[in-house]
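Residues per chain are reported as follows:
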Amino acid sequence: MFCLSELEDTVRVPPSDLNLPLEVAIKKALQKLFLDKVLSIGLCVAIYGIKSIEGGFVLPGDGAATYKVVFRIVVFRPFVGEVIAAKFKESDSNGLRLTLGFFEDVYVPAPLIPTPNRCEPDPYNRNQMRWVWKYGDDEFIIDDSCQQIKFRVENISYPPVPTERAEDAKPFAPMVVTGTIDDDGLGPVSWWEACAPISDDED
């Protein structure tokens, strides 16, 4: 789910930060440039360390110092087939939206929710729909009472930035993870906690 990636970039340190220790000033600039940004390799969640610093050129009329920096970042980059634990964020007739805390664009579309199921108005939140999975004579509700939900990654996409957006459009998500909960052991953990393990001695 997380990996280290090495990058090289030209970093501008503004005059206001030139009084700081060089590595501190550059790390501050790197955090502003990359932290919580989606790159082609995934979502940057931390600056891990700086490997080398070169330069320190001051451009005429600028006052800022420019450095060539090689550094490593911690990237959130899940792989297809990986099982991840998340929390419920919201749901509608299209499916579920889950959150990892630092990343909130995890979607479980309706076809990837266990069947038979139904989508109904949430009696506790009139602005939201909720999903109910029917298993035998039991019904299992998927809502914000679910402390932990396990999903399996089906796809990771990086949508292009739209050139035009409607005023009521949802915030643009530069990285979207699509998951499924339609398999044994997936979905709210509470579904499976009551399942007793089968002994090998039982036939």
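Residues numbered from 1 in each chain as written. Predicted model: local features only at pLDDT ≥ 70, side-chain atom pairs only at ≥ 80, totals over all residues. Heavy atoms only, no water.

- Looking up the chain in an unreviewed UniProt entry gives the name DNA-directed RNA polymerase subunit, with the organism given as Brassica campestris.
- The record held by UniProt for the chain lists under Function (unreviewed entry) the comment "DNA-dependent RNA polymerase which catalyzes the transcription of DNA into RNA using the four ribonucleoside triphosphates as substrates." (UniProt positions renumbered as here; feature names shortened; annotations may be inferred.)

**So, the nonpolar core**
Working step 1: Ranked by internal contacts, the top residues of the largest apolar core, which has 24 residues, are Leu96, Leu98, Leu100, Phe103, Ile142, Phe151 and Ile181.
Working step 2: Broken down by secondary-structure element, the contributors of at least two residues to this core are strand E5 (83–92), strand E6 (95–99), strand E7 (106–109), strand E9 (125–135) and strand E11 (149–157).
Working step 3: Among all residues touching Phe151, those that are not within four sequence positions of it are Glu82, Val83, Ile84, Ala86, Leu98, Leu100, Val106, Val177, Gly179, Thr180, Ile181 and Leu186.
Working step 4: In this structure, Leu30, Tyr67, Phe71 and Ile73 belong to the second largest nonpolar core, which totals 16 residues. (Core = buried A, V, L, I, M, F, W, Y, C linked by side-chain atoms within 4.5 Å. Buried < 20%, exposed > 50% of the residue type's maximum accessible area, 1.4 Å probe, protein only. Helix = DSSP H or I, 4+ residues; strand = E, 2+ residues; numbered from the N terminus. Contact = heavy atoms within 4.5 Å.)

**What about the sheet that holds strand E10 (residues 138–142)?**
Working step 1: The antiparallel open sheet is built from three strands, whose spatial order is E8-E9-E10. In this open sheet, the two edge strands, each paired with only one partner strand, are strand E8 (117–122) and E10. Across the sheet, the mean angle separating the axes of adjacent strands is 30° when strand polarity is ignored. (Pairing = 2+ DSSP bridges. Axes fitted to C-alpha atoms, helices over the stretch in contact; angles between N-to-C directions.)

**What about the state of the cysteines?**
Working step 1: For the structure on display, the rule yields zero disulfides.
Working step 2: Between Cys3, a cysteine without a disulfide, and Cys44, which holds the nearest cysteine sulfur, the sulfur-to-sulfur distance is 11 Å.
Working step 3: Summary of cysteine pairing: Cys119 is not part of a disulfide, and the nearest cysteine sulfur, belonging to Cys146, is at 14 Å. (Disulfide = S-S within 2.5 Å.)

**A word on unusual backbone geometry**
Peptide bonds are trans in most cases, and residues, glycine excluded, mostly fall at negative phi.
Working step 1: Residue Pro116 is reached from Thr115 by a cis peptide bond, and omega for that bond is 0°.
Working step 2: With respect to the helices, strands and loops of the structure, Pro116 is situated in the loop between E7 and E8.
Working step 3: One non-glycine residue with positive phi stands out, namely Asp36, at about 65°.
Working step 4: Within the secondary structure layout, Asp36 lies in the loop between helix H1 (22–34) and strand E2 (38–39).

**Some thoughts on the sheet that holds strand E3 (residues 42–58)**
Working step 1: Spatially, four strands are ordered E1-E4-E3-E2 in an open sheet, and the strand pairing comes out antiparallel. Since the sheet does not close on itself, it has two edges, and those belong to strand E1 (2–13) and E2, each with one partner.
Working step 2: The pairing of E2 with E3 spans two bridges and is antiparallel. By the bridge assignment for E3, Val38 is matched with Leu43.
Working step 3: Relative to the sheet, H1 contacts E1, E2, E3 and strand E4 (65–76), its axis offset from that of E3 by approximately 130°.

**Considerations on the pattern of salt bridges**
Working step 1: Across all of its chains, the model carries twelve salt bridges by this definition.
Working step 2: Notably, a salt bridge pairs Asp17 with Lys28, separated by 3.1 Å at the nearest N-O pair. Of the two residues, Asp17 is situated in the loop between E1 and H1 and Lys28 in helix H1; the sequence distance between them amounts to eleven residues.
Working step 3: We classify Lys28 as partly exposed; its relative accessible area is 43%.
Working step 4: Between Arg118 and Glu120 there is a salt bridge, and its shortest N-O distance comes to 2.9 Å.
Working step 5: Here the residues in one salt-bridge network are Arg118, Glu120, Arg130 and Glu139, joined through shared partners. (Salt bridge = Lys/Arg side-chain N within 4 Å of Asp/Glu carboxyl O.)

**Thoughts on the side chain of Arg130**
Working step 1: Relative to the helices and strands, Arg130 is located in strand E9.
Working step 2: With a relative accessible area of 12%, Arg130 lands in the buried category.
Working step 3: With residues near it in sequence (within four places) discarded, Arg130 still touches Ser91, Arg118, Cys119, Glu120, Pro121, Asp122, Pro123, Tyr124, Ile141, Ile142 and Asp143.

**Let's talk about the pairing of strand E12 (residues 176–180)**
Working step 1: By the criterion of burial, E12 is predominantly enclosed, with five of the five residues buried.
Working step 2: Burial along E12 is two-sided: Val176, Thr178 and Thr180 facing one way and Val177 and Gly179 facing the other are all buried.
Working step 3: When E7 meets E12, the two strands line up parallel, connected through two bridges. Looking at E12, one finds that Tyr107 is bridged to Thr178.
Working step 4: As judged from the five bridges shared by E11 and E12, these two strands associate in the antiparallel manner.

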